[in-house]
Amino acid sequence: MLKRVSVLVIGILICALTSVYAIAGIGVHYGYDLSVHMADATNEPAVFDSLKILNDGANIPGTVPANFINVAAITGKDLPIYINRSGFARTPMDFGGKFYVDCIPFLDAIEVSANFGLWQYKGELVYPKSLSWKTTQPTDPATPFINRVDITYDTLLLTLDKLNMPYWGLKNTPYAKLNTDLTIRKNLITLPPLVNILKVYAGGGFSINFATPVLSAGLVKDALGTDLNALLPTSGLNTQLFGQADIQKKIMNQIMNNLITPHYGCHIVLGTALKFPVFPVGFYVDGKFMIPFGKLDKNVNITGTGLLLNAGVTLGI
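I will try to describe carefully the structure that is included in this document. Quantities reported herein were computed from a predicted structural model and do not represent experimental measurements. (Residues numbered from 1 in each chain as written. Predicted model: local features only at pLDDT ≥ 70, side-chain atom pairs only at ≥ 80, totals over all residues. Heavy atoms only, no water.)

Right, let's get into empty space enclosed by the protein. The full count for this structure, using the stated rule, is two cavities of 30 Å³ or more. For the largest cavity, the calculated volume is near 210 Å³. If you go around the largest cavity, you meet 15 residues; those closest to its centre are Tyr100, Arg185, Lys199, Ala273 and Thr314. For the lining of the largest cavity, the secondary structure elements donating two or more residues are β6 (82-101), β10 (198-211), β12 (261-275) and β13 (281-292). Residues of the lining of the largest cavity, tallied by class, amount to eight nonpolar, two polar and five charged. In this structure, the second largest cavity spans a volume of roughly 60 Å³. Contributing to the lining of the second largest cavity are Ser35, Lys177, Ser207, Asn209, Gly265, Cys266, Met290, Ile291, Pro292, Leu296 and Gly304. Elements with a contribution of two residues or more to the lining of the second largest cavity: β10, β12 and β13. Split by residue class, the lining of the second largest cavity holds five nonpolar, five polar and one charged. (1 Å grid on protein atoms, 1.4 Å probe; cavity = no way out; pocket = protein on both sides within 12 Å on 5 of 7 lines; lining within 4 Å. Points joined across faces, edges and corners; volume = space filled by probe spheres on them. Helix = DSSP H or I, 4+ residues; strand = E, 2+ residues; numbered from the N terminus. Nonpolar A, V, L, I, M, F, W, Y, C, P; charged D, E, K, R; others polar.)

Next comes the structure, spelled out in C-alpha cells:
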C-alpha cells in the first residue's frame, strides 16, 4: 500500500514539475518604453546644395547688386532652409512577444523577445517663399547672399493629419522602433522549492533596434533625390517644390517606410514569472535597461538608453 501511494505521489509530482518546467514557451506582452529620447530642435539648418533659384529681375525683385548681375542662379547653399522638431512623446502603442527555452543546464533560460513601439512629434520644414534684394546693399563684395536679401518664409507642417496619411492612428510626425533581444536568464529566487511557482530572474544579452528615420536635411535629400536638382523661380519653392502635395508625401513616406536600418546594443533584465502546476498559462513582468551602441539615427541625436517595462502572458509548450 505504501509503495502504491509513493508511486502515485511521485507520478503526480512528475506531472506537476513537467507542467511547471515547460521545455519551451511563447508569450505576448504590453510594453512601456522609457528608453527613447529626442530633444526639440528649432531652426536646424538644412543645406540643399543642388537647389538653384533663378537670379533675374522678374524673379528676385529689386536692384541686382553689381557682383550678382552675372550670376545665373542662387544655389541652395546660400539659401537658408530650416528644420523644426518639437514635442517628442511616447504613445500608448507598444506591444511584443517572446519565445523561450527553459531547460538549458546552468543558464535556466534563453529567450528571444521583441517590442514594437510608436512615438510622435511635430515636424516642420521652414523654407523661403519669396526673395527681394535689400534696398540698401552692403558695400563689401564678399558679403554673404543671405545679408543681401529680404526673405519671406513659409512653414510646411509635416504631420500625418496635415497630409491625410493614416498610420497606426497617430496625428503628428511618426517615429517607430522595433527592438529584438536575445537574452540569457538565470533564476535568483524560486518559490516554493521543487514546484517553483514563482521565479525571480536576472540576465542580459544582445539587442538589435530597427527604427524609422527622423525628419532632417539628410532625410529630405534621401526622399526627394533628383527633385532637388530643379532650376526654380523664387516662387518655385512654394509652388513647384515644397508646396506640392506629392513632394510632401514623399518626405513622409521616407519616414514611414524605412523601418530597416539596424542599430546594435545590449541590455540587462530583471523580472519575475508566475506559473501554477498543471495550468499551462503563466504570467511575467520584467524590466530591461537598454544600452544601444550609439544614437538611433544617422542625422539626429536620438538616443535609446533607458528602461523598457513589459507585462505579459506565456503559454508553455
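With that settled, consider the pairing of strand β7 (residues 109-133). Most of β7 is tucked away, with 18 of its 25 residues classed as buried. Of the strand pairs in this sheet, β6 and β7 are connected by 15 bridges, and their pairing is antiparallel. Along β7, the bridge assignment pairs Tyr82 with Val126. Judged from the 13 bridges that link them, β7 and strand β9 (residues 173-191) form a sheet pairing that is antiparallel. Among the inter-strand pairings, Trp119 is bridged to a residue of β9, identified as Tyr175. Bridge analysis of β7 against strand β8 (residues 149-157) gives nine bridges, and the strand direction is antiparallel. Across the sheet, the residue bridging to Leu131 is Ile151, located in β8. (Buried < 20%, exposed > 50% of the residue type's maximum accessible area, 1.4 Å probe, protein only. Pairing = 2+ DSSP bridges.)

Okay, the nonpolar core next. By size, the foremost hydrophobic cluster in this structure holds 53 residues, and its most contacted members are Phe48, Tyr175, Leu215, Leu237 and Phe242. Going through the elements one at a time, β6, β7, β8, α2 (160-163), β9, α3 (217-224), α4 (236-241) and α5 (245-256) are the ones with two or more residues in this core. The dominant element in this core, judged by the number of residues it contributes, is β7, at eight residues. Phe48 has contacts with Gly76, Lys77, Ile81, Ala217, Val220, Lys221, Leu228 and Phe242, leaving out every residue within four places of it along the chain. (Core = buried A, V, L, I, M, F, W, Y, C linked by side-chain atoms within 4.5 Å. Contact = heavy atoms within 4.5 Å.)

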